[in-house]
Each structure stands twice: as C-alpha cells, then as structure tokens.
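Descriptive structure summary
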Amino acid sequence: MSSPASTAAPIILTGDRPTGPLHLGHYVGSLRNRVTYQRDYRQFIMLADAQALTDNMDDPAKVQRNVIEVALDYLATGIDPAQSTILIQSQIPELAELTFYYLNLVTVARLERNPTVKEEIRLRGFERDIPAGFLTYPASQAADITAFKAVLVPVGEDQVPMIEQTNEIVRRFNRIVNKDVLVEAKALVPEIGRLPGIDGKAKMSKSLGNTINLSASADEVRAAVKKVYTDPLHLRVADPGHIEGNIAFAYLDAFDPEKDALAEMKAHYQRGGLADSIVKARLEACLQEFLAPIRARRAELEKDRGHVMQILKEGTARAREVAAQTADEVKRAMGLSYF
C-alpha cells in the first residue's frame, strides 16, 4: 500500500459536485493531476454534496446517489484513499458553521460582482431568482478551503475569482482578530484546462449531453466518437483540413500517447487526403485503450459498494478532525469559547 504524504507537506483541497458521473473533461482537467498530487501533497478531495444542493434542491436524491458514483470514478482512475483523504462535505458540520461566520465578512454586492458567480447565474437562467445558498457559495468555498488550511486549490481559469474572494475573507478575518488564524490559498491552474464537448461546444458538460463518461461502455464510446465534431469545411477527403477547432484532434492531443505519429497525422490532414473516418478510428482506439482498465477497476469496485462507503466514512472522519480544530481556532479568536 502506498504511503501518505507527510503531515508537513503542503495541503491541497479539490473536489467535485456529485450531480452525475465524471467524464473525460474531469479527467483531463483534474483527476489525472490529483493522482500525481497525492504523492507529494497532503490532499483532501471533497464530494461537495451540500454545495450541489444549492441548485438541485428540487432533486436531492440525484445528489445523494451520485456521491458513491463519483467516488467509484475517483478510485477507478487511481486516487488512492491511503494517500488522499476523500470526504463528504455535508457530513462535516464545521464547514457550515464557518460559512455562517464568513457570511458576515462579505457583502451581497461583493458576491454579485464575483465573475464566476455572475457567469454561473447567467448559465442557469436564474436572473433575480437566485437561491441564497447559490449566491453565497464563495463564502462556503472559503470555509471549505480554510477549514483544511489548504495553500493550493486546483481550479480552472474561470474559478480563479473564487480563490481571490476566499483570500479577501481570510485577510479580513485575520485583521479583525489581529492574528493569523487562517491561511491564504493559491489557485493552481492546470496546463491543459477545459476539454471541449464532443459537439464542439467550449465545455464538456453533463447538462449539455456532450460528454464521454469515464464509466462509458465500449459501445457508448464508439457511438460518441462517431458524433465528434471535426472540420465542417473538410467536405472531401482530398480537401485540406483544419486542426484548430477540430474536436477529434483536441481529444487526440489529450489521450494519444504516440505524439510523433499524431503530428504526422495532423500534417497529412492539413495538406489533404486524409478522411475524418480515419482520424476518428484512431481516436476511438485511443479512448478504448485508455478507458478499458478504468472500466474494469470500476466494475470490480462496484461489487462491494459497502467497502467504498466505508472508505468515504473513514476519510470524512479524518477530515472532520482537521475542520473541527480550525473551527475551534476561529471561535477562540473571536472570543466565542465560553466554557
């Protein structure tokens, strides 16, 4: 069994909203980095079920059943519970307690100005009917980050404003209590960020239905690859093709290990004489080879879901000890330790 990173190692907090199975975009954007991070960092990975309810309160069962589905994806892709602490957000009440205190350190106007929040509100069509929990998510995220005293938070470029707002809360709290109780965090933006959807949309998203799930069967992968957006101007095989904006090549860049052969294929496509069907055949072969072992590990793990839930229970218990200590420090600093 692998050894966990030293308790003196820098702390990373990362996680996902359990609203559906994870897909290739999650793998490229975060999962493969987490497998690497767990060797050198003390890593907490959060199943953010409470945060998921801020815009899924009409169907809490969807969030509940996806907690274990996402956990299965984690374990199948190589996240090791002996090295990374996997936790369930709702089972750590100290996070809600810290959120309550932090809400007094941020104004509604500041929350509404947060670029990430503004964009998410627009995408969901909330207009002014914004769930209060959704609007105040930056305070909740600040609680998550500071509870574990994370100094690094892997996020996409679009999430950087959330980390900036966390640090504003940290600085204001430390200034009020005249003591460095909380620590600031740094956004860790991956080199390869968002993977586009198979339809050519900028984002691979469960809600848009343009994903290839990590749990997809071989037949599902084959069907999805057939739908992958290529070059709409590449009407005949002899025509020169374009690489930029061609989703098939974007995926090959991410998953094809044979970079020299891929470079030759790109050159051939650009000068003409290479059919999209050949490109897609290469892409399918790469994805099938990549997903097969993940699918097999996931199937094995699914045989004993009780064991997976025990992993989550133990990780959550370890995480709660850390969060409780931070909550106690926060209350003592504010003079709220009466007994």
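Residues numbered from 1 in each chain as written. Predicted model: local features only at pLDDT ≥ 70, side-chain atom pairs only at ≥ 80, totals over all residues. Heavy atoms only, no water.

As named in an unreviewed UniProt entry, the protein chain is Tryptophan--tRNA ligase, taken from Massilia genomosp. 1. What the UniProt record of the protein chain gives under Sequence similarities (unreviewed entry) is the line "Belongs to the class-I aminoacyl-tRNA synthetase family." (UniProt positions renumbered as here; feature names shortened; annotations may be inferred.)

Re the overall build of the protein chain
Each helix and strand counted, the protein chain has 14 helices and five strands in total. Each of the three principal axes of the protein chain carries a C-alpha extent, and together these read 80 × 45 × 40 Å. Each of the 339 residues in the protein chain was classed as buried or not, and the buried ones make up 50%. Summarising the internal contacts of the protein chain: among those between residues at least 6 apart in sequence, 78% fall at separations of at least 24. (Helix = DSSP H or I, 4+ residues; strand = E, 2+ residues; numbered from the N terminus. Buried < 20%, exposed > 50% of the residue type's maximum accessible area, 1.4 Å probe, protein only. Contact = heavy atoms within 4.5 Å.)

Description of the pattern of salt bridges
Across all of its chains, the model carries 24 salt bridges by this definition. Ionic pairing is found between D55 and R17, a salt bridge with its closest N-O pair at 2.8 Å. On the criterion of sequence distance, the pair formed by D55 in the loop between α2 (49–52) and α3 (60–76) and R17 in the loop between β1 (11–16) and α1 (24–40) is long-range, its members being 38 residues apart. For D55, a relative accessible area of 22% gives the class partly exposed. What makes R17 partly exposed here is its relative accessible area of 23%. (Salt bridge = Lys/Arg side-chain N within 4 Å of Asp/Glu carboxyl O.)

Comments concerning the packing of aromatic side chains
Enumeration according to the criterion identifies nine aromatic pairs in this entry. Taking 6.2 Å as the distance between ring centres and 65° as the angle between the ring planes, the aromatic pair formed by F100 and Y101 counts as edge-to-face. Residue classification places Y101 among the buried residues on the basis of a relative accessible area of 17%. Among the aromatic residues, those joined into a ring-pair cluster are Y27, F255 and F290. (Phe/Tyr/Trp six-rings, centres within 6.5 Å; stacked < 30°, edge-to-face > 60°.)

Focus: the environment of F126
Mapped onto the secondary structure, F126 falls in the loop between α6 (115–124) and α7 (132–135). When its relative accessible area of 17% is taken as the criterion, F126 is described as buried. F126 has contacts with D55, I121, P131 and F134, leaving out every residue within four places of it along the chain.

Digging into helix α14 (residues 305–333)
Taking 1.5 Å of rise per residue, the 29 residues of α14 would be expected to cover 42 Å, and the 42 Å separating its terminal C-alpha atoms lies within 8% of that figure. Three or more residues of α14 are buried, namely V308, I311, L312, G315, T316, A319, V322, A323, T326, A327, E329 and V330. (Expected span 1.5 Å × (residues − 1).)

Observations regarding the packing of helix α8 (residues 137–147) against helix α9 (residues 160–177)
One way to put it is that α8 packs onto α9 with a least axis distance of 9 Å and a crossing angle of 75°. Put simply, α8 runs roughly perpendicular to α9. Taken together, the residues of α9 that come into contact with α8 (itself represented by Y137, P138, A139, Q141, A142, I145 and T146) are M162, I163, Q165, T166, I169 and V170. For the contact of α8 with α9, the per-class residue count stands at nine nonpolar, four polar and no charged. (Axes fitted to C-alpha atoms, helices over the stretch in contact; angles between N-to-C directions. Parallel < 35°, antiparallel > 145°, perpendicular 65-115°, else oblique. Nonpolar A, V, L, I, M, F, W, Y, C, P; charged D, E, K, R; others polar.)

A closer look at a negative patch on the surface
Judged by side-chain charge, E258, D260, E264 and E289 come together as a negatively charged surface patch. The residue D260 is located in helix α12 (residues 259–271) in this model. Residue classification places D260 among the exposed positions, given a relative accessible area of 64%. (Patch = residues over 30% accessible without salt bridge, like charges linked within 9 Å, V, L, I, M, F, W, Y side chains within 5 Å. Areas by Shrake-Rupley, 256 points an atom, 1.4 Å probe, with all protein chains shown as cover. Lys, Arg positive; Asp, Glu negative; His and termini not counted. Charge placed at Lys NZ, Arg CZ, Asp CG, Glu CD.)

Let's talk about α9
Taking 1.5 Å per residue as the helical rise, α9 with its 18 residues ought to reach 26 Å, and the 26 Å between its terminal C-alpha atoms agrees with that figure. Turning to α9, its buried residues are V160, P161, M162, I163, Q165, T166, N167, I169, V170, F173, N174 and V177. Where α9 ends, the next residue or the one after it, N178, has phi of about 55°, a positive value.

A look at the nonpolar core
Formed by 51 residues in total, the largest nonpolar core has its most connected members in L24, L47, Y74, I212, Y251 and F255. Not counting chain neighbours up to four residues away, the residues in contact with L47 comprise D16, P18, V67, V70, A71, Y74, I86, L87, I88, Q89 and L312. I11, L87, A147 and F148 belong to the second-largest nonpolar core, a separate cluster that totals 35 residues. (Core = buried A, V, L, I, M, F, W, Y, C linked by side-chain atoms within 4.5 Å.)

Points about the pairing of strand β2 (residues 42–47)
Burial analysis of β2 places five of its six residues in the buried class, which makes it a mostly covered element. Where β1 lies against β2, six bridges are found, and the strand directions are parallel. The residue bridging G15 from the neighbouring strand is M46, located in β2. Taking the sense of rotation as the criterion, the β-α-β connection linking β1, α1 and β2 turns out right-handed. Bridge analysis of β2 against strand β3 (residues 84–88) gives five bridges, and the strand direction is parallel. The residue bridging I45 from the neighbouring strand is I86, located in β3. (Pairing = 2+ DSSP bridges. Right-handed = clockwise from strand over helix to strand, strands pointing away.)

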